[in-house]
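Observations on the three-dimensional arrangement
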Amino acid sequence: MTIFEAATREKFRYPSTKGLLTTEQLWELPLTAKSGFSLDDVAKAVHAELKAVDTESFVATETNPAKATWETKLEVVKHVIAFRIAEEQAAKAAAAKKLEKEKLIAVLGRKQDAVLENLTEAELLARINNL
C-alpha cells in the first residue's frame with residue numbers, strides 16, 4: 001500500500017495552528033509562512049508527535065501501533081514538501097528561460113533595425129514594393 005493509499009483509507013489528519021488538516025489540504029499550504037500555517041510547521045508538528053510516541057520502554061516488548069501511523073504521516077508531508085519544492089524550482093527555471101528569450105528577442109530586434117538603417121534608399125524601396 002502506498003503512503004497516499006494509507007492516508008486516504010485511514011483518513012489521516014495533520015495537526016496545524018488552524019486545526020486538523022486533511023491530506024488534500026496539505027497541497028494548498030505554502031512551504032513556509034510567517035503566520036505559522038505552512039507545510040514546514042505541519043511537518044514539525046507531525047515529527048513532534050512521532051517523537052512523543054517513540055519513547056523507548058525498557059519493559060514493553062511491543063511497539064506502539066501509533067508509531068507506524070505517525071511515520072506514514074511524516075512521509076506524506078515530506079513527499080508533498082519535496083514535490084512542491086521541485087515545482088517551485090521548475091517554475092523559477094521556466095521564468096529564467098522566458099526572461100533570457102525576451103532579452104535575446106530584444107537584441108535581435110535592435111540588430112535587425114540596425115541592418116535596415118544601413119540599407120540604401122533603393123534597397124528600401126525595393127523591399128517595400130515586394131511586400
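The rules behind each value
- Residues numbered from 1 in each chain as written.
- Predicted model: local features only at pLDDT ≥ 70, side-chain atom pairs only at ≥ 80, totals over all residues.
- Heavy atoms only, no water.
- Helix = DSSP H or I, 4+ residues; strand = E, 2+ residues; numbered from the N terminus.
- Rg over C-alpha atoms; globule rule 2.2 N^0.38 Å.
- Buried < 20%, exposed > 50% of the residue type's maximum accessible area, 1.4 Å probe, protein only.
- Patch = residues over 30% accessible without salt bridge, like charges linked within 9 Å, V, L, I, M, F, W, Y side chains within 5 Å.
- Areas by Shrake-Rupley, 256 points an atom, 1.4 Å probe, with all protein chains shown as cover.
- Salt bridge = Lys/Arg side-chain N within 4 Å of Asp/Glu carboxyl O.
- Contact = heavy atoms within 4.5 Å.
- Axes fitted to C-alpha atoms, helices over the stretch in contact; angles between N-to-C directions.
- Parallel < 35°, antiparallel > 145°, perpendicular 65-115°, else oblique.
- Left-handed = near helix turned anticlockwise from the far one by under 90°.

The next point concerns the overall build of the protein. Counting secondary structure elements, the protein contains five helices and two strands. In the protein, the order of α-helices and β-strands from amino to carboxyl end is α-β-β-α-α-α-α. For the protein, the C-alpha radius of gyration of 29 Å lies well beyond 14 Å, the compact-globule estimate for 131 residues. When the backbone C-alpha atoms are referred to their principal axes, the protein occupies close to 100 × 30 × 25 Å. Relative to its full complement of 131 residues, the protein shows a buried share of 21%.

What follows covers the environment of Glu71. One can find Glu71 in helix α4 (residues 65-117). With a relative accessible area of 35%, Glu71 lands in the partly exposed category. It is 13 Å that separates the C-alpha atoms of Glu71 and Arg13, two residues lying 58 residues apart in sequence.

Quick look at the environment of Gly19 now. Examined against the element boundaries, Gly19 turns out to sit in the loop between β1 (13-14) and β2 (21-22). Judged by relative accessible area, which is 31%, Gly19 ranks as partly exposed. The sequence separation of Gly19 and Ile3 amounts to 16 residues, and the corresponding C-alpha distance is 22 Å.

Taken together, the side chains of Leu116, Leu124, Leu125 and Ile128 define a hydrophobic patch exposed on the protein surface, amounting to about 340 Å² of accessible area. Top element by residues in the nonpolar patch is helix α5 (residues 121-130). It accounts for three residues. For Leu124, the location among the structural elements is in helix α5.

Here we take up the side chain of Thr23. By secondary structure assignment, the location of Thr23 is in helix α2 (residues 23-26). The exposure class of Thr23 is buried, given its relative accessible area of 7%. Excluding residues that lie within four positions of it along the chain, Thr23 makes contacts with Phe4, Ala7, Phe12, Tyr14 and Val76.

Here the focus is the packing of helix α3 (residues 39-53) against α4. In contact at an axis separation of 9 Å, α3 and α4 are set at 160° when each is read in the N-to-C sense. As the angle between them shows, α3 and α4 are arranged roughly antiparallel. Remark: the crossing between α3 and α4 carries left-handed chirality. Across the interface between the two elements, Leu39, Val42, Ala43, Val46, His47, Glu49, Leu50 and Val53 from α3 touch Ala66, Lys67, Trp70, Glu71, Lys73, Leu74, Val77, Val80, Ile81 and Arg84 from α4.

Take unusual backbone geometry next. One non-glycine residue, Lys11, adopts positive backbone phi at about 50°. Position of Lys11 relative to the elements: it lies in the loop between α1 (3-9) and β1. The class of Lys11 is exposed, set by a relative accessible area of 58%.

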